[in-house]
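# Chain and residue survey
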Amino acid sequence: MCIPPPNVTGSLHIGHALTVAIQDALVRWHRMRGDQVLWVPGSDHAGIATQAVVEKQLWKEQGLRRHELSREAFLREVWKWKEEKGGEICEQLRVLGASLDWDRECFTMDAGSSVAVTEAFVRLYKAGLLYRNRQLVNWSCALRSAISDIEVESRALPGHTQLQLPGCPVPVSFGLLVFIAFPVDGEPDAEVVVGTTRPETLPGDVAVAIHPDDSRYTHLHGRQLRHPLTGHLLPLITDSAVQPHVGTGAVKVTPAHSPADAEMGARHGLSPQSVIAEDGTMTLLCGDWLQGLHRFVAREKIMCALRERGLFRGLQSHPMVLRICSRSGDVVECLLKSQWFVRCREMGDQAAKAVESGALGLHPPYHQKNWQHWFSHIGDWCISRQLWWGHQIPAYLVVEEQTENVGEDCWVVGRSEAEARQAAAELTGRPGEELTLERDPDVLDTWFSSALFPFSALGWPQETPDLTRFYPLSLLETGSDLLLFWVGRMVMLGTQLTGQLPFSKVLLHSMVRDRQGRKMSKSLGNVLDPRDIISGAELQVLQEKLKDGNLDPAELAIAAAAQRKDFPHGIPECGTDALRFTLCSHGALGGDLNLSVTEVLSSRHFCNKIWNALRFILNVLGEKFTPQPAEELSPSSPVDAWILSRLALTARECERGFRTCELSLVTHTLHHFWLHNLCDTYLEAVKPVVARSPCPSGPPQILFSCADVGLRLLAPLMPFLAEELWQRLPTRPGCPPAPSICVAPYPSARSLEHWRQPELERCFSRVQEAAQALRALRATYQLTKSRPRVLLQSSEQSKQGLFEAFLEPLGTLGHCGAVGLLPPGMAAPSGWAQAPLSDGIQIFMELQGLVDPQTHLPLLAARRHKLQKQLESLLTRTPSQGEAETQRQQRLSSLQVELSKLDKAASHMQQLMEESQLREC
């Protein structure tokens, strides 16, 4: 298993912690089952993010821009930064208890990764799956680089919206439809009005398009229009892709800056005109009056020019989706660039078919729909990036040479310059030493190397590892798109390069949100460092961390206020085990995970409960205790047999949960066993037994087995707590102890199956129901210190017999005195309280002499008055929607039941008082 390599620039957040918790639990479970497990750590060099961080540091500390240094000098600065600052993630992983093979730690810029990246590039090129072409790419003008689809955020705007963008001196208006008139050539009073949200691209228009069936423009078919800025003639073309009911039904065609327009332009043989430069300024083609202006400054100048020429036809608020670069915050442009591309259609089809055939399983299965949709719409992948930090592309331009297609540059690819020179010689027919080669200065998209991570980390291309039992897990901190991007690229490249599917199963987990269901974001102040939950953090420390970020003052103020509201007293110390257990309790297969620190704190209390249980057990065992072999263990009482049966069931459910990767099933099962079966029931039931002198030998052996097996079941999820407590247990004679619980055998459900007694468990569940009813009766009558006698009665002798073996533990669990059976049909003693159970069973509790009716009746009345006020308050509330209303109804029902009990108790108290008065008379 490999860890999805996090960016070396960052630190892990709760989304990463969920990945680690799930992966580590699976790793530890497999390891305890005796499997050979390799979990490879590593981090991603994060080309754009790392270069931006180092450039910012260079400017802050030395007043230098990147281009003032040589490429080699700048890369030395990056490596220096990586060595000094890039270790925070490893520290966080260790704090989270990740049992990674640290000797194999990888970095996507290591020598081994570089070899793999170069080999993959060369092989894909020779297979015809990698090519260079001039076509539209996503371009960040702020970064001056191509970016991937995953780095483009789609921001929905409801209408007119002003945004401050990097590099632009004034706020920019978006969400406006601008109407522009294109005069019809030869007809002074005729015009075609187009609507556009991008008036700055007007200089790049090469046509206006209408739908062929739009009757408004039928009479203009075949005519030409005058460009509103240059006066040049443009064709009015007809194309069925135009939507006649949007805007005016006429659209301007700008093939150099729109994918849809590029397709339309290709259909009609139109030449694209690039009018926006790499830095986001207007090009020479726009004319002297616009050249060099920021594109959004040019937009306003163009609008003014249209007004002056009488060709501006108005503005209209217009909902739209704006494409924003997630790295820089700038608006993404589509620019025509010569770049390297990977052909993805054929490889994507293979990946889609692998899921269809079942060769590749996605868990949970509902992700299959997203998988198939993504691959059915996949385009060729631009892998060029205009950066210095990254894997430099192993391609070389043969200077002053052209291919057979006139005007196209001559490029060759090689694992080394010598290999590339040999390829150039074969291609040109000239001696290699006479040729001048220039290596492409661009680097490869970071995702290219991260998709190769599982292969390069295990020695590919020197070795081809068998990854058929490999589990990649998604990070999903930006949603399912990230998952598809990383895992999808891995499947495509891995299958193509190794000839086999890189793995047969993918496990996908939820996205972590805050308790309000919001995506975690620095600007919201709700991003949590796992270490702050593990060790606790004062509010002041949390606020200082916000200030150290890169939020602008307005965002900082909002984030700080939200943080003060969410954590007014800071974050309490919860511990690693509690955090891991809480994260896993939400499961790998569910929807989004809304995490609250309160939940983690509850898990910490659960850890305390386990600690106290082991302290009690160790005290019972004493120093001279010798555990029996598990196969010789024989329960001496029905309650002993019951807890062993529950323990065997717990082992079975844990095994099922791990096999199906439903970790929420494992956590729920363990929580129920430790808290409700062991602590709340069995330990309470045997306390009187183990307090006897001498102590019977049976219960200590049972307690030891519960602790030993229970801790080993818990170990993959709570490794620190389980290790600490398990090491304190005595060892079985003749059985060499494992050096650590992490390599001790995980309890096998099959080996414990002989303990299972489902019928006994069913019977004991009735005993637990009776104990709960007894505790409720004691609470109603406020018998805090008394231990009243109890009688059970059933209309059928067979049902009453269910309780015979459990009378002593029932009295203990119900906090009562002696428990007896009342024969069917016999009248209950006078003055005893009564409570019904299911199946016609009645419980009677002694009250005579234990309560004073005259004192008790006013107390009952006061409690009833308080509950009645709460009920009336709830009834006067206006019904709401969803979960809040459900909780209200549940509270109403609970109050009504409690009032009914109090009324019954008051009636009983009144009867007792009257009987007492009659006796006195």
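Turning our attention to the environment of Cys 661. Tracing the backbone through its elements, the reader meets Cys 661 in the loop between helix 19 (638-659) and helix 20 (663-690). Residue classification places Cys 661 among the buried residues on the basis of a relative accessible area of 2%.

This next bit is on the sheet that holds strand 18 (residues 381-382). The antiparallel open sheet is built from four strands, whose spatial order is 4-3-16-18. The open sheet has two edge strands with one neighbour each: strand 4 (145-146) and strand 18. Two elements, strand 16 (residues 333-342) and strand 18, share two bridges in a ladder whose sense is antiparallel. Paired with Val 342 across the bridge in strand 18 is Trp 381.

Quick look at the environment of Val 639 now. When you line up the elements, Val 639 lands in helix 19. With a relative accessible area of 9%, Val 639 lands in the buried category. Put simply, Val 639 and Ala 685 are 46 residues apart on the chain and 8.0 Å apart in space, counted from C-alpha to C-alpha. Sequence-distant contacts of Val 639, defined by excluding residues within four places in its chain, comprise Tyr 682, Ala 685, Phe 764 and Phe 806.

Counting buried residues in strand 8 (residues 176-183) gives seven out of eight residues, a clear majority hidden from the surface. Here strand 8 runs beside strand 14 (residues 312-317); their pairing, made up of four bridges, is antiparallel. The residue bridging Val 178 from the neighbouring strand is Leu 315, located in strand 14. In this sheet, strand 9 (residues 191-196) lies alongside strand 8 in antiparallel orientation, the contact comprising six bridges. From the neighbouring strand, Pro 183 faces strand 9, where its bridge partner is Glu 191.

Strands pair in a sheet through their backbones, by hydrogen bonds, and they do so in one of two ways: parallel or antiparallel. Strands sit in the order 9-8-14 across an open sheet of three strands; the sheet is antiparallel. Where the open sheet ends on each side, the last strands, each with one partner, are strand 9 and strand 14. Adjacent strand axes in the sheet meet at a mean angle of 20° when their direction is disregarded. Where helix 7 (residues 295-308) meets the sheet, it contacts strand 8 and strand 14, and its direction lies at approximately 135° from that of strand 14.

Turning next to helix 27 (residues 853-876). With 24 residues, helix 27 should reach 34 Å at 1.5 Å per residue; the first-to-last C-alpha distance of 34 Å fits that figure. For helix 27, every residue scored as buried is listed here: Pro 853, His 856, Leu 857, Leu 860, Leu 867, Leu 871 and Leu 874.

A few words now on the confidence of the model for the protein. Residues at a pLDDT of 70 or more form 96% of the protein, whose mean pLDDT is 90. Every residue in residues 475-479 scores below 50 in pLDDT, and together they form 19 contacts with partners more than four places removed in sequence or on other chains.

What follows deals with unusual backbone geometry. Note the cis peptide between His 363 and Pro 364, where omega equals 0°. That bond from Ser 693 to Pro 694 is cis: its omega, 0°, falls within 30 degrees of zero. Tracing the sequence through the fold places Pro 694 in the loop between helix 20 and helix 21 (698-714). Not every positive phi belongs to a glycine, and Arg 144 is a case in point at roughly 55°. A positive phi angle, close to 55°, is found at His 815, a residue other than glycine.

With 14 residues, helix 7 extends 20 Å from end C-alpha to end C-alpha; this agrees with the ideal 20 Å at 1.5 Å per step. Elements that come into contact with the buried residues of helix 7 comprise strand 7 (172-174), strand 8, strand 14 and strand 16. Positioned one or two residues after helix 7, Gly 310 has a phi angle of 75°, which is positive.

Glancing now at the side chain of Arg 489. The topology assignment puts Arg 489 in helix 13 (residues 480-498). Of the side chains with opposite charge, Asp 149 lies nearest to the buried Arg 489, which makes no salt bridge, at 5.6 Å.

For the rest of this paragraph, the subject is the packing of aromatic side chains. Summed over all chains, the structure comprises 19 aromatic pairs. Ring geometry for Trp 381 against Phe 448: centres 5.9 Å apart, planes inclined by 40°, an arrangement best described as tilted. With Trp 381 in strand 18 and Phe 448 in helix 11 (residues 446-451), this residue pair connects regions lying 67 residues apart in the sequence. Per residue, the accessibility class of Trp 381 equals that of Phe 448, and both read buried. Each member of the aromatic cluster is reached from another via a ring pair, and the members are Phe 121, Tyr 125, Trp 340 and Trp 411.

The next subject is the pattern of salt bridges. Using the criterion set out here, one finds 45 salt bridges in the structure. Here Glu 846 makes a salt bridge to Arg 789, at a shortest N to O gap of 3.1 Å. Separated by 57 residues along the polypeptide, Glu 846 in the loop between strand 30 (841-845) and helix 27 and Arg 789 in the loop between helix 24 (758-780) and strand 27 (790-794) bring together distant segments of the chain. For Glu 846, a relative accessible area of 14% puts it in the buried group. Between Asp 903 and Arg 864 there is a salt bridge, and its shortest N-O distance comes to 2.5 Å. Remark: Arg 864 occurs in helix 27 and Asp 903 occurs in helix 28 (residues 882-920); sequence separation between them is 39 residues. One salt-bridge network, in which partners are shared between bridges, spans Glu 88, Glu 91, Asp 529, Arg 531, Asp 532 and Lys 545.

Taken N-terminus to C-terminus, the directions of helix 8 (residues 345-357) and helix 9 (residues 367-376) make an angle of 160°; their axes are 9 Å apart at the nearest point. Relative to helix 9, helix 8 is oriented roughly antiparallel. The handedness of the crossing between helix 8 and helix 9 comes out as left-handed. Judged by residue contacts, Arg 345, Gly 348, Ala 351, Ala 352, Val 355 and Glu 356 of helix 8 engage Gln 368, Trp 371, Gln 372, Phe 375 and Ser 376 from helix 9. The class makeup of the residues in the contact of helix 8 with helix 9 is five nonpolar, four polar and two charged.

What counts, and at which threshold
- Residues numbered from 1 in each chain as written.
- Predicted model: local features only at pLDDT ≥ 70, side-chain atom pairs only at ≥ 80, totals over all residues.
- Heavy atoms only, no water.
- Helix = DSSP H or I, 4+ residues; strand = E, 2+ residues; numbered from the N terminus.
- Buried < 20%, exposed > 50% of the residue type's maximum accessible area, 1.4 Å probe, protein only.
- Pairing = 2+ DSSP bridges.
- Contact = heavy atoms within 4.5 Å.
- Axes fitted to C-alpha atoms, helices over the stretch in contact; angles between N-to-C directions.
- Expected span 1.5 Å × (residues − 1).
- pLDDT = per-residue confidence, 0-100.
- Lys, Arg positive; Asp, Glu negative; His and termini not counted.
- Salt bridge = Lys/Arg side-chain N within 4 Å of Asp/Glu carboxyl O.
- Phe/Tyr/Trp six-rings, centres within 6.5 Å; stacked < 30°, edge-to-face > 60°.
- Parallel < 35°, antiparallel > 145°, perpendicular 65-115°, else oblique.
- Left-handed = near helix turned anticlockwise from the far one by under 90°.
- Nonpolar A, V, L, I, M, F, W, Y, C, P; charged D, E, K, R; others polar.

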